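Okay, here's what each chain looks like letter by letter:
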2 protein chains.
Amino acid sequence: MNINRMMSLAALVKARDAGKATPELMVALCRDAIGRKDPRIKAFAHRDLDATIRTEGPLAGIAIGIKDIFDTFDQPTSYGSPAYRDHRPRVDAAIVDLARRQGATIIGKTVTTELAFIHPAETVNPHNHAHTPGGSSSGSAAAVAAGMIPAAIGTQTGGSVIRPAAFCGVAGFKPSFRLLPTSGMKHFAPSLDTAGLFAAGIEDVAVLTALLTGRDLAPRPDEPPLDPSTIRVALYRCAQLADADPDMRQALAKAADLAADAGFDVGEIGEPEALAVAREAHLVIQDHEAGLACGPDLARSRDALSPVLIETLERGQAITPSQYDEARKHAKRGRSAARALFGEVDILLTPSAPGAAPRGLTTTGDPRFNRLWTLLGTPAINIPGLADEAGLPLGIQAVARFGRDQALLTAAARLEAAFRG
Amino acid sequence: MNINRMMSLAALVKARDAGKATPELMVALCRDAIGRKDPRIKAFAHRDLDATIRTEGPLAGIAIGIKDIFDTFDQPTSYGSPAYRDHRPRVDAAIVDLARRQGATIIGKTVTTELAFIHPAETVNPHNHAHTPGGSSSGSAAAVAAGMIPAAIGTQTGGSVIRPAAFCGVAGFKPSFRLLPTSGMKHFAPSLDTAGLFAAGIEDVAVLTALLTGRDLAPRPDEPPLDPSTIRVALYRCAQLADADPDMRQALAKAADLAADAGFDVGEIGEPEALAVAREAHLVIQDHEAGLACGPDLARSRDALSPVLIETLERGQAITPSQYDEARKHAKRGRSAARALFGEVDILLTPSAPGAAPRGLTTTGDPRFNRLWTLLGTPAINIPGLADEAGLPLGIQAVARFGRDQALLTAAARLEAAFRG
């Protein structure tokens with residue numbers, strides 16, 4: 001199925017700076033696209049089509065969708081749960097305020113699964129409406145993919161940025177832990193909850209990250225010229241590769257070939273035992289912290305929660321402190337092993353998900369390729385560009401060392417160009 | 001000035017378990033004390049004198065005051081700011097829910113300074129009403145000190161648990177970072193914000209921590225018998241000691257003597273350079289994160305904020321990412337230096353504050369002896385028992401290695417006994 005062309009944030013900013021587009025026009029384009037497309041895609045939980053358009057600031061004219069797990073003072077915030085119907089927070093989440101301070105227009109709240117966990121919502125995949133867009137940042141990924149908005153904000157606790165970005169064929173960036181603030185989000189597992197960004201392509205997501213944070217993160221392949229042969233890219237041979245679909249295994253091999261053709265120093269590397277162990281620790285940490293952070297919801301609103309969430313929170317509350325401490329020890333050892341691993345390679349390539357978006361809306365897909373990097377806090381990005389025979393996107397995930405966000409974005413932009421051919 | 005005897009949580013729990021006191025009676029005692037004393041002390045921002053009394057759970061009958069920086073679904077939550085007047089959160093903060101699940105009665109919200117920063121509130125010091133109780137957990141410390149409740153919950157971002165505990169002469173415990181959940185608190189600087197506990201004495205605060213977390217943290221000096229001569233206690237010779245009042249310097253020397261008399265292996269240790277540098281990094285990290293986390297308040301409610309808060313948030317927003325990153329680097333080096341330091345000693349002793357509670361309510365005192373340990377995430381505790389000639393408490397702070405909460409509590413209980421003589 002054909003979807004309309006996506007909106008490039010970088011191109012919009014350039015057009016605005018060149019005087020070829022006004023902020024008003026840029027936002028009007030989004031309003032129009034949302035009006036036409038969202039009735040079918042259902043990416044928005046709330047639309048603020050009269051949102052203030054700022055004319056000052058580096059994000060002036062950029063309409064951003066905010067995952068409805070973040071508070072907004074001027075729009076209802078329901079965290080994907082009937083327990084929060086008509087909830088109106090007093091102030092914005094920190095990242096929403098940051099976006100407004102940079103001039104962005106908050107055009108609406110994008111659909112999240114229930115409390116950003118796995119119980120699915122109504123959003124469909126713009127590439128094929130019978131398929132899931134992924135979750136939990138379902139609406140953020142779908143709204144960008146459908147060309148309704150140039151950018152959206154999401155969160156990842158397991159695989160909730162990388163996976164929906166992969167399924168929808170957009171760039172999804174989970175920066176290093178704490179690069180973007182999470183105050184004012186509805187937390188699920190605070191030591192894992194990471195804010196992330198969606199945009200059409202890698203350059204777009206990099207420009208957005210740079211403008212939001214004031215960090216020097218925009219890819220600058222030409223100053224100094226990027227020499228791909230100095231960048232060690234490795235296919236990451238974790239055991240989960242055996243669980244990937246044949247299509248995805250083929251896509252990953254193709255990605256490696258294209259990277260080599262583009263001049264990168266491409267090899268393979270096995271998974272250190274400490275990282276295999278750390279991956280298993282993710283669930284213990286997530287569930288224990290969710291049992292605490294969402295314990296108040298279980299106490300107050302049990303009837304409004306899905307069975308899978310209730311079961312998870314109860315399991316989390318039954319995890320003992322010593323089980324949690326052991327998992328944290330494994331996470332700490334994993335971080336140490338990751339530092340050693342990134343002494344040998346610069347960029348790891350893995351699938352973003354086991355395959356393309358599954359058919360049906362009863363599941364949002366499987367985070368098995370994402371959990372480890374969320375736990376370690378390393379930057380990870382979904383590189384779009386490959387697809388299966390039916391035209392559904394197949395996402396390739398690139399991962400770098402903690403704090404090496406710019407190196408990751410620069411390499412990913414070059415890889416994306418290679419994948420798109 | 002004489003204040004009434006404090007309520008011991010450990011004694012109440014024992015009496016209840018022995019059938020000598022019912023939960024109803026235990027809470028009624030608190031209701032009565034609050035009714036008599038709070039009009040002068042002003043420790044409560046809201047009292048829920050009809051709060052549900054649970055008869056099941058290890059904290060049944062224990063009335064707890066919650067710093068009004070934590071959300072409560074059944075009581076107004078104003079974060080010490082007129083900007084949040086009449087704010088009613090939908091659900092409890094995680095630690096409030098945890099306390100309820102263990103059977104505690106949430107008897108009221110205790111006064112916090114504005115957004116848990118330094119602009120003072122109306123609470124007075126129970127030992128002398130002309131003096132500050134300290135802040136930002138002003139009401140939590142004062143309510144316990146005045147004998148209104150056996151326990152209260154607070155937070156520390158700079159010195160907001162240890163300092164008010166010291167000024168009010170109660171035990172105040174800032175556990176290792178993340179030992180207690182902070183979801184549902186109004187964050188100021190998320191990587192520093194730490195939940196902490198107040199109770200009459202060290203055993204009380206240890207029992208409370210153990211019952212809230214399910215961790216094996218209650219001091220058990222007799223099984224196996226505590227041999228103080230195996231515990232290396234060191235006076236911590238940081239440069240800030242020169243800023244302490246003569247009374248406090250004398251109290252610290254006395255504390256060391258009493259510890260030696262009690263059989264501890266007492267010595268002195270200098271401050272590693274990396275820790276002196278890390279201390280300075282605290283303010284950069286705090287202010288930068290506050291500029292993000294409370295940026296939405298500045299945007300929405302500037303007129304309702306104090307000048308000192310506005311100035312701090314604006315200064316925080318002007319801190320560049322590279323200044324913040326450098327501060328985080330210093331913090332990381334500090335954590336590493338602290339691990340090495342705690343290879344040489346088990347317990348560090350420092351003043352909890354430069355002296356006794358200052359006269360007047362225009363300042364809540366000085367956190368210079370607290371910031372470093374908040375930044376490092378190490379457990380710290382105020383040991384009460386010493387006082388100046390006017391009878392105002394002089395608090396001694398004990399600090400242990402990250403994760404060594406039980407060792408700290410056990411040693412602190414023995415030190416407290418020595419200080420009280």
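Residue positions within a chain follow its written sequence, with the count starting from 1. Chain labels run from A onward and ligand labels from 1 onward, assigned in the order the entries are written. Thresholds applied to this predicted model are a pLDDT of at least 70 for local features of residues and 80 or more for the giving and counting of side-chain atom pairs; totals over whole chains, interfaces and linings are not thresholded and use all residues.

**Q** Help me get a handle on the overall build of chain A, residues and values and all.
**A** Scanning chain A for helices and strands turns up 13 helices and eleven strands. The C-alpha extent of chain A, read off along each of the three principal axes, is 55 × 50 × 40 Å. Relative to its full complement of 421 residues, chain A shows a buried share of 61%. Within chain A, residue pairs in contact and separated by at least 24 positions form 78% of the contacts whose partners lie at least 6 positions apart. Starting at the N terminus, helices and strands are each numbered in turn, a helix being any DSSP run of H or I of at least four residues and a strand any DSSP run of E of at least two. Put plainly, a residue is buried at 20 or more neighbouring C-beta atoms within 10 Å of its own, exposed at 12 or fewer, and partly exposed in between, counting only other residues' C-beta atoms, which are placed from the backbone. C-beta atoms are placed from the backbone for every residue, and two residues are taken to be in contact when these atoms lie within 7 Å.

**Q** Please provide a residue-by-residue account of the domain arrangement of chain A, values included.
**A** Residues and elements named next belong to chain A. Domain extents, as shown, originate in an automatic or database domain assignment. Taken domain by domain, chain A consists of domain 1 (9-213), domain 2 (228-271 + 332-420) and domain 3 (276-327). With centres defined by C-alpha atoms, the gap from domain 2 to domain 3 works out at 28 Å. Across the contact, nine residues belong to domain 2 and six residues belong to domain 3. By residue number, the principal contributor to the side of domain 2 that touches domain 3 is helix α12 (residues 371-376), which donates five residues.

**Q** Could you give an account of unusual backbone geometry, with specific residues and numbers?
**A** The general pattern is negative phi for most residues beyond glycine and trans for most peptide bonds. Residues and elements named next belong to chain A. With an omega of 5°, the peptide bond running from G135 to S136 counts as cis. Note on placement: S136 falls in the loop between β3 (105-110) and α4 (138-145). A positive phi is found at A116, a non-glycine position, where the angle reads about 60°. As for its position among the elements, A116 is in the loop between β3 and α4. A positive phi angle, close to 75°, is found at R178, a residue other than glycine. As for its position among the elements, R178 is in the loop between β5 (171-174) and β6 (194-199).

**Q** Kindly report on the relation of the copies chain B and chain A, identifying the contributing residues and their values.
**A** Overlaying chain B with chain A gives an RMSD of 0.0 Å, the required rotation being 180° about an axis along which the chain moves by 0.0 Å. Here the copies are linked by what is in effect a two-fold axis. An overlap of 100% is found between the interface residues of chain B and their copies at the interface of chain A, pointing to a shared contact surface. A least-squares superposition brings the copies together, and it is based on the C-alpha atoms of residues with pLDDT no lower than 70 in both.

**Q** Account for the sheet that holds β5(A), with residues named and values stated.
**A** Residue and element names in this part refer to chain A. Two strands pair if DSSP finds at least two bridges between them. Spatial strand order, β1-β3-β2-β4-β6-β5-β10-β11-β9-β7-β8: eleven strands in an open sheet with mixed pairing. At either margin of the open sheet sits one strand with a lone partner, and together these are β1 (44-47) and β8 (265-270). Strand-to-strand twist in this sheet, taken as the mean axis angle between neighbours without regard to direction, amounts to 30°. Two strands pair when backbone bridges link them, and strand β9 (residues 347-351) and strand β11 (residues 393-399) are joined in this way by four bridges, in the antiparallel orientation. When the bridges of β11 are listed, T350 appears paired with Q397. For helices, the axis comes from a line fit to the C-alpha atoms of the stretch in contact; other axes are also lines fit to C-alpha atoms, and the angle between any two N-to-C directions lies between 0 and 180 degrees.

**Q** How would you explain the nonpolar core if you had to name every residue and give the values?
**A** Ranked by internal contacts, the top residues of the largest apolar core, which has 285 residues, are A:I64, A:V144, A:A398, B:I64, B:V144 and B:A398. Ignoring sequence-local partners within four residues, the contact set of A:V144 consists of A:M6, A:I149, A:A151, A:A152, A:V170, A:F198, A:A199 and A:A200. Put simply, a nonpolar core is a cluster of buried Ala, Val, Leu, Ile, Met, Phe, Trp, Tyr and Cys residues tied together by C-beta atoms within 7 Å.

**Q** Kindly report on the interface of chain B and chain A, identifying the contributing residues and their values.
**A** Quoted interface sizes are often the accessible area lost when the parts come together. Taken together, the contacts link 28 residues of chain B with 28 residues of chain A. Elements supplying a minimum of two residues to the side of chain B that touches chain A: α3 (94-101), α8 (273-293) and α9 (295-301) of chain B. Three residue categories are used. Nonpolar comprises Ala, Val, Leu, Ile, Met, Phe, Trp, Tyr, Cys and Pro, charged comprises Asp, Glu, Lys and Arg, and polar comprises the others, including Gly. When the residues that make up the side of chain B that touches chain A are grouped by side-chain class, the tally is twelve nonpolar, nine polar and seven charged.

**Q** I'd like to hear about helix α6 (residues 202-213) of chain A, residue by residue, with values.
**A** All names here are of chain A. What a helix should span is 1.5 Å times the count of its residues minus one. An ideal rise of 1.5 Å per residue puts 16 Å on twelve residues; α6 measures up with 16 Å between its terminal C-alpha atoms. Of all twelve residues in α6, ten are buried; the element is thus mostly enclosed. Buried residues of α6: I202, E203, D204, V205, A206, V207, L208, T209, L211 and L212, and no others. Downstream of α6 by a residue or two, G214 has a phi angle that is positive, lying close to 70°.

**Q** I'd love a proper account of the pairing of strand β4 (residues 151-156) of chain B, names of residues and values included.
**A** Residue and element names in this part refer to chain B. Most of β4 sits inside the fold, with six of its six residues counted as buried. The two faces of β4 match: A151, I153 and T155 on one face and A152, G154 and Q156 on the other face are all buried. Here strand β2 (residues 63-67) pairs with β4 via three bridges, running parallel. Residue pairing across strands places I66 opposite I153, the latter belonging to β4. Where β4 lies against strand β6 (residues 194-199), six bridges are found, and the strand directions are antiparallel. Within the sheet, the bridge partner assigned to A152 lies in β6 and is F198.

**Q** Break down the sheet that holds strand β9 (residues 347-351) of chain B for me, with residues and values.
**A** Residues and elements named next belong to chain B. Spatially, the eleven strands line up as an open sheet ordered β1-β3-β2-β4-β6-β5-β10-β11-β9-β7-β8, and their pairing is mixed. Each end of this open sheet is capped by a strand with a single partner; those strands are β1 (44-47) and β8 (265-270). In this sheet, adjacent strand axes meet at a mean angle of 30° when their direction is disregarded. In terms of strand pairing, strand β7 (residues 232-237) meets β8 through six bridges, oriented parallel. By the bridge assignment, Y236 is partnered in β8 with I269.

**Q** Quick rundown of helix α7 (residues 246-261) of chain A? Include the residues and the values.
**A** Helical geometry note: an α-helix holds 3.6 residues per turn, so side chains three or four residues apart project in the same direction. Between its terminal C-alpha atoms α7(A) stretches 22 Å, which fits the 22 Å expected from 16 residues at 1.5 Å a residue. Where α7(A) is buried, its residues meet β7 (232-237), β8, β9, β10 (380-387), β11 and α13 (405-420) of chain A.

**Q** Before we move on, can you summarise the packing of helix α1 (residues 9-17) of chain B against helix α6 (residues 202-213) of chain B with the specific residues and values?
**A** Residues and elements named next belong to chain B. The N-to-C vectors of α1 and α6 enclose an angle of 65°; their axes lie 7 Å apart at closest approach. Contacts between α1 and α6 involve L9, A10 and V13 from the former and E203, D204, V207 and L208 from the latter. Here the residues of the contact of α1 with α6 are counted per class, giving five nonpolar, no polar and two charged.

**Q** I'd like a description of the environment of B:D97, backed by residues and values.
**A** Residues and elements named next belong to chain B. Its place among the elements puts D97 in helix α3. Residue D97 is classed as buried on the basis of its 27 C-beta neighbours within 10 Å. Separated by 49 residues in sequence, D97 and A146 have C-alpha atoms that sit 25 Å apart.

**Q** Describe the packing of α6(B) against helix α13 (residues 405-420) of chain B, and please don't skip the residues or the numbers.
**A** All names here are of chain B. Following both chains from N to C, one finds α6 and α13 inclined at 160°, their axes separated by 9 Å at the closest point. Overall, the two elements α6 and α13 adopt an arrangement that is roughly antiparallel. Every residue of α13 that contacts α6 at I202, E203 and A206 is listed here: L409, A412, A413 and E416. For the contact of α6 with α13, the residue count by class is five nonpolar, no polar and two charged. Working rule for angles: under 35 degrees goes down as roughly parallel, over 145 as roughly antiparallel, 65 to 115 as roughly perpendicular, anything else as oblique.

**Q** Residues and numbers for the environment of B:L252, please.
**A** Residue and element names in this part refer to chain B. Residue position: L252 is located in helix α7 (residues 246-261). The class of L252 is buried, set by 22 C-beta atoms lying within 10 Å. On a C-alpha basis, the gap between L252 and Q397 in space is 9.5 Å, while along the polypeptide they are 145 residues apart. Among all residues touching L252, those that are not within four sequence positions of it are L235, L349, P351 and I396.

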